[in-house]
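Architecture at a glance
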Amino acid sequence: MTSPIWQATAQAQPNIALVKYWGKRDDTLNLPAAGSLSITLDALHTRTTLRFDETLAADDVLFNGQHDDLQTRKISAFLDLFRTHAGIATRASVETANDFPTGAGLASSASGFAALALAAGRALQLQLPPHALSVLARRGSGSAARSVFGGFVEMTAGTRDDGEDAFASPLLNAAAWPLTVVVAITSRAVKDTSSRVGMDDSRRTSPFYRAWVATANADLDAAREAVHGRDFARLAEVSEASCLAMHAVMLATRPGLIYWNAATVECIHALRALRAGGTGVFFTIDAGPQVKAVCLPEHAEAVAMALRTIPGVAETMVSGLGEGARIIESDA
Ligand code: PMV
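Residues numbered from 1 in each chain as written. Predicted model: local features only at pLDDT ≥ 70, side-chain atom pairs only at ≥ 80, totals over all residues. Heavy atoms only, no water.

Here's the deal with the state of the cysteines
Tallied over the full model, the rule gives zero disulfides. You can see Cys243 has no disulfide; the closest cysteine sulfur is in Cys267, sitting 12 Å from it. By relative accessible area, Cys243 is classed as buried at 0%. Not part of a disulfide, Cys295 finds its nearest cysteine sulfur in Cys267, a span of 12 Å. Its relative accessible area of 0% is what places Cys295 among the buried residues. (Disulfide = S-S within 2.5 Å. Buried < 20%, exposed > 50% of the residue type's maximum accessible area, 1.4 Å probe, protein only.)

Take a look at the structure:
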């Protein structure tokens, strides 16, 4: 057996679901109740350096330049999966940072756990095939399974109790249909209810939850066909429907989960008006108040300009579609 390479740096980008995931069939293994379909961005990044070090008594985590107990616990528990896999107990130092707001509905946990999974797999020379990496990333956060891949990605819910068939796979690469995403930042505050807690509350209390899970397969079929056929109008229709249905489930949760603010709603109306006037754009919104406008590249500038004039929109970010998680540096 070759001796392990202890250090690796990986980069991953957030992904935005067009057919949403909201609800689990197993909390411990993070198994989704239904599949989802996403696009991976290229302009927002998480970069993570991981070093397994025999001299450390505990994992040492620097998260966005700071020591944070909650993040350290989550990352340590995640690294335990890899330590078990490799049959070691060695602790690690981790430096991870996002170049965009963390915990504010911009999918920082997706890029974060995808980068960490890739770095850990490489550092320990586990030779994991992409689907196995996706399974492991899923244990950190359900959406992280999708950020392992670039472009258009589909996550399968799977049926097995051990979750080995619940992973993402690439559907279409980024260059094959280069859409642009304009993100309207309407608040930089960290959200009150995490998606982990929120989706569990919805599963237990929302009267719409069962109907929501039941619609997922039809939405996935429609979105997959739209992606393969590069049918923007069809993708717009199914994506907005999936987003609004998820937020209906959230609103009907007890107590209600209201992730939107006034600017979020203004953006929705503005984007619908633009589309009615012939602009190739649709919106999607996750567990936070930011609005992601998915557009045809030639319309991105007009969309960004329109969103910037809306009161409450603090900033817009423009991103193309990007690659999956990758190794930036390693001792290998
Ligand atoms: O996997 P999590 O905990 O990041 O949850 C993701 C939930 C949504 O972003 C709201 C939807 C999705 O499919 O990404």
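Comments concerning the nonpolar core
Most often, soluble globular proteins have nonpolar side chains that are buried together. Core analysis: the biggest nonpolar cluster contains 38 residues, and Leu50, Ile75, Leu79, Phe82, Val94 and Leu116 have the highest contact counts within it. When residues no more than four places from it in sequence are discounted, the contact partners of Val94 are Thr48, Thr49, Leu50, Asp60, Val61, Leu62, Ile75, Leu79 and Leu116. Residues Ile16, Val181, Leu220 and Phe282 belong to the second largest nonpolar core, which totals 31 residues. (Core = buried A, V, L, I, M, F, W, Y, C linked by side-chain atoms within 4.5 Å. Contact = heavy atoms within 4.5 Å.)

A word on the packing of aromatic side chains
Taken as a whole and assessed by the stated rule, the structure comprises six aromatic pairs. On the numbers, 5.0 Å between centres and 65° between planes, the contact of Phe78 with Phe113 is edge-to-face. With Phe78 in helix 1 (residues 69-86) and Phe113 in helix 2 (residues 108-123), this residue pair connects regions lying 35 residues apart in the sequence. Exposure class is identical for Phe78 and Phe113. Each is buried. (Phe/Tyr/Trp six-rings, centres within 6.5 Å; stacked < 30°, edge-to-face > 60°. Helix = DSSP H or I, 4+ residues; strand = E, 2+ residues; numbered from the N terminus.)

Side note on the domain arrangement of the chain
The domain boundaries assigned to the chain delineate domain 1 (5-173) and domain 2 (180-320). The C-alpha centroid of domain 2 is placed 23 Å from the C-alpha centroid of domain 1. With 34 residues of domain 1 at the contact, the number on the domain 2 side is 48 residues. Of all residues in domain 1, Leu18, Lys20 and Trp22 bury the most surface against domain 2, accounting for 28% of the area lost on that side. On inspection of domain 1 and its partner domain 2, the count reaches two salt bridges. With a shortest N-O distance of 2.6 Å, Lys20 and Asp286 are connected by a salt bridge. (Domains from an automatic or database assignment. Buried area = accessible area lost by both parts, 1.4 Å probe. Salt bridge = Lys/Arg side-chain N within 4 Å of Asp/Glu carboxyl O.)

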